[in-house]
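Each chain is listed here by its residues.
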Amino acid sequence: MQVSSLNEVKIYSLSAGRSLPEWLSDRKKRALQKKDVDIRRRIELIQDFEMPTVSTKIKVSRDGQYIMAVGTYKPRVRCFDTYQLSQKFERCLDSEVVTFEILSDDYSKIVFLQCGRYVEFHSQHGHYYKTRIPKFGRDFSYHYPSCDLYFVGASSEVYRLNLEQGRFLNSLQTEASESSVCDINPVHFLFAMGTAEGKVECWDPRTRNRVGLLDCALSSVTADTEIEGLPSISALKFDGALNMAVGTSTGQVLLYDLRSSNPLIVKDHHYGLPIKSIQFHHQLDLIISADSRIIKMWNKDTGKIFTSMEPEHDINDVCLYPNSGMLMTANEAPKMNIYYIPVLGPAPKWCSFLDNLTEELEENPESTVYDDYKFVTRKDLENLGLAHLIGSSLLRAYMHGFFMDIRLYHKAKMMANPFAYEEYRREKIRQKIEETRAQRVQLKKLPKVNKELALKLIEEEGGEQQFSKKRKQKNLPSLLKDDRFKVMFENPDFQVDEQSEEFRLLNPLVSKISEKRKRKLKILEELEAQGQEEEEEPEGKASDAESSESSDDEKGWVEEVRKQRKLLRQEEKLKRQERFKEDQQTVLKPQFFEIKEGEEFRSFKDSAKKQKLMKKTLEDRLKLEEKLGTLNVSDTTVGSKQATFKLKKSEQQRKQQEAEKQHRQERKTLRRSASHLKSRRGRGQLFH
């Protein structure tokens, strides 16, 4: 049994797990269950609850005892008895079923609408009667008071078949070109049909007149939806006497009050797929809407998502078992899915053991596979010293990191930082002490780096806060408390050098701006204290006076910048003079260099000769090398040139080669003398 959770709503999939083939014998099935753990752990709520290939529709009888499903291939209907938890019967049909309806409380009266325009009636014993409608049908509804069947399809007419009289009645003429779905209200029996033009027509069966028209296509378009074509009606369902839900082919669900032409709420599935089924859950005021990809449960008043399910295969139909938390789906797969959601309601009485089973699972939650593994990045591995394990079986690559065994992770962490617990304990103690100190009177401490800048910011913030309190404005964030600028007051690399040229040239301007700001704040405070009203001209001063003041400020800081530049030039001159004096005072002494052994000192003229040679062309250099005998150029038989070079040997190399030759000769003489002595000793032994 597979368990999933969304929005803290647990969903139990009772059909998850492997299924066994029908043609296997009971003996082989039992043998497989003993061998395979997955087969042994699965829950088969209803035996063989599946179709050969695909299931298209699924319904529950009114007494809740029988579940009926249709599918292919071959076209067939299967009835499952919930009291026996097995299949009751199976009947094959001539053509595929579009939809069907259970007319009685049990399976004794069933109507099938088939794709070949046929309407087939089945009784308890089997096939009862078969008739045909003029156009291809897509849906039908049964009107209980008059025993009429209303058929809609590829026509503008709604065909009526009376089951009491056994004949067709006059059809209803609509304005639609085609109709896709229909439904009859269970309270006042209003007949509604959805058209291909995106409209819903409502008819009164008593007078056979149209009593209302809703344009759902226009209402389904919201600001977020993208229009690709005209949305048609794909699902329709009544809820009580006044509410009606409409599903469109573009994936929207509209909830209407029949007294209004505007929808109460529009819910978009955001998949652009036609809505296949709409169900109502009255206990929690939920709407269960499904397209081929997802089943969504949402509140009908707010539209807030309650939970959702995404089965593995495409959905064809959804059936909610009455007064319970069980949900069944017909899908594009042989197996029909069964879901149990305890929040929606209790389990049906024929499978009440599900409540006990789910309670046990909640009490003893099984650990998932990932609970035993830890996800680590490459940087974490380097910090733990486990980077050499990359590529081994101990690490499982996944996305931007690796999964590793949680036990190995804890061991490596303990070895990498054995005092982690002590540090954690100290940090917790420090935090507790700071919490107690927070109640005391705190002194403002300046940071270690850029103390003057921090003091300046604190003073400016204090003045601005007082002004903003008076004006009832929001305070701006502090640079000292901002994490982005925290390093500026911690790292000494960011220390402001007040003796640098840039600071000295900018400081007059910055100081003037700060002074101007302080002056402005004082003036505004005085004006607010006096309670004067703001006018176009600033109070107490004319615009000319203010402009003259600003020009005076500009002149003042320009003069200060000039002064700083003059001072900088004077300092540079002084530095040059000091360097010049130091150069004059220094006495140059001759330096001696030691020549390595095996090298000869040739004059500095050799380097001058080399420089002259480098300036000459390649042709001149080759001619010179030929004269010296280090280069030999000759013509080949093919017609090209062949050049051979002789590298010059240095004096050290020559001495080394001579020493090697002498060493070889000494070794040869030693070998000869040794062999001569051996031969003599051998002869002496022979004589003895």
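Here is a short report on the structure shown in this document. A quick note: this is a predicted structure, and the numbers were derived from the prediction, not measured.

Comments concerning the overall build of the protein
Here's step 1: A count of helices and strands for the protein gives 13 helices and 34 strands.
Here's step 2: Scored against the burial criterion, the 688 residues of the protein give a buried share of 33%.
Here's step 3: Once local pairs closer than 6 in sequence are excluded, the contacts in the protein between residues at least 24 apart make up 44%.
Here's step 4: Summed over all atoms, the accessible surface of the protein reaches about 47700 Å², with 50% contributed by carbon and sulfur.

Brief notes about the sheet that holds strand S16 (residues 191–195)
Here's step 1: One open sheet holds the four strands; their spatial order is S15-S16-S17-S18, and the pairing between them is antiparallel. Among the strands making up the open sheet, the edge pair consists of strand S15 (179–184) and strand S18 (209–215). Taken pair by pair, the neighbouring strands of this sheet meet at an average axis angle of 20 degrees, ignoring direction.
Here's step 2: In the sheet, strand S17 (residues 199–204) pairs with S18 via six bridges, with the strands oriented antiparallel. When the sheet's bridge partners are listed, Cys202 is paired in S18 with Gly212.

With respect to the side chain of Asp148
Here's step 1: Structurally, Asp148 can be placed in strand S12 (residues 148–153).
Here's step 2: Residue class for Asp148 comes out buried when judged on its relative accessible area of 4%.
Here's step 3: One polar contact links Asp148 to Asn162, side chain to side chain, over a distance of 2.5 Å.
Here's step 4: When residues no more than four places from it in sequence are discounted, the contact partners of Asp148 are Ser141, Tyr142, His143, Arg160, Leu161, Asn162 and Leu169.

Examining the side chain of Arg160
Here's step 1: Its location among the elements puts Arg160 in strand S13 (residues 157–162).
Here's step 2: You can call Arg160 buried: its relative accessible area is 6%.
Here's step 3: In terms of polar contacts, Arg160 uses its side chain to reach the backbone carbonyl oxygen of Asn170, at 2.8 Å.

Some points on a negative patch on the surface
Here's step 1: On the surface, a cluster of negative charge is contributed by Glu452, Asp497, Glu498, Glu501 and Glu502.
Here's step 2: In this fold, Glu501 is placed in helix H9 (residues 501–530).
Here's step 3: Its relative accessible area of 43% is what places Glu501 among the partly exposed residues.

Regarding the sheet that holds strand S22 (residues 265–268)
Here's step 1: Taken in spatial order, the four strands of this open sheet run S19-S20-S21-S22, and their pairing is antiparallel. Bordering the open sheet on either side are strand S19 (233–239) and S22, each of which pairs with just one other strand. Averaged over all adjacent pairs, the angle separating strand axes in this sheet is 15 degrees, with direction ignored.
Here's step 2: Here strand S20 (residues 243–248) runs beside strand S21 (residues 252–257); their pairing, made up of five bridges, is antiparallel. Note that in S21 the partner of Ala245 across the bridge is Leu255.

Rules used throughout
- Residues numbered from 1 in each chain as written.
- Predicted model: local features only at pLDDT ≥ 70, side-chain atom pairs only at ≥ 80, totals over all residues.
- Heavy atoms only, no water.
- Helix = DSSP H or I, 4+ residues; strand = E, 2+ residues; numbered from the N terminus.
- Buried < 20%, exposed > 50% of the residue type's maximum accessible area, 1.4 Å probe, protein only.
- Contact = heavy atoms within 4.5 Å.
- Areas by Shrake-Rupley, 256 points an atom, 1.4 Å probe, with all protein chains shown as cover.
- Pairing = 2+ DSSP bridges.
- Axes fitted to C-alpha atoms, helices over the stretch in contact; angles between N-to-C directions.
- Polar contact = N/O pair within 3.5 Å; in protein donor to acceptor, adjacent residues only side chain to side chain.
- Patch = residues over 30% accessible without salt bridge, like charges linked within 9 Å, V, L, I, M, F, W, Y side chains within 5 Å.
- Salt bridge = Lys/Arg side-chain N within 4 Å of Asp/Glu carboxyl O.
- Lys, Arg positive; Asp, Glu negative; His and termini not counted.
- Charge placed at Lys NZ, Arg CZ, Asp CG, Glu CD.

That is the geometry; function is a separate question.
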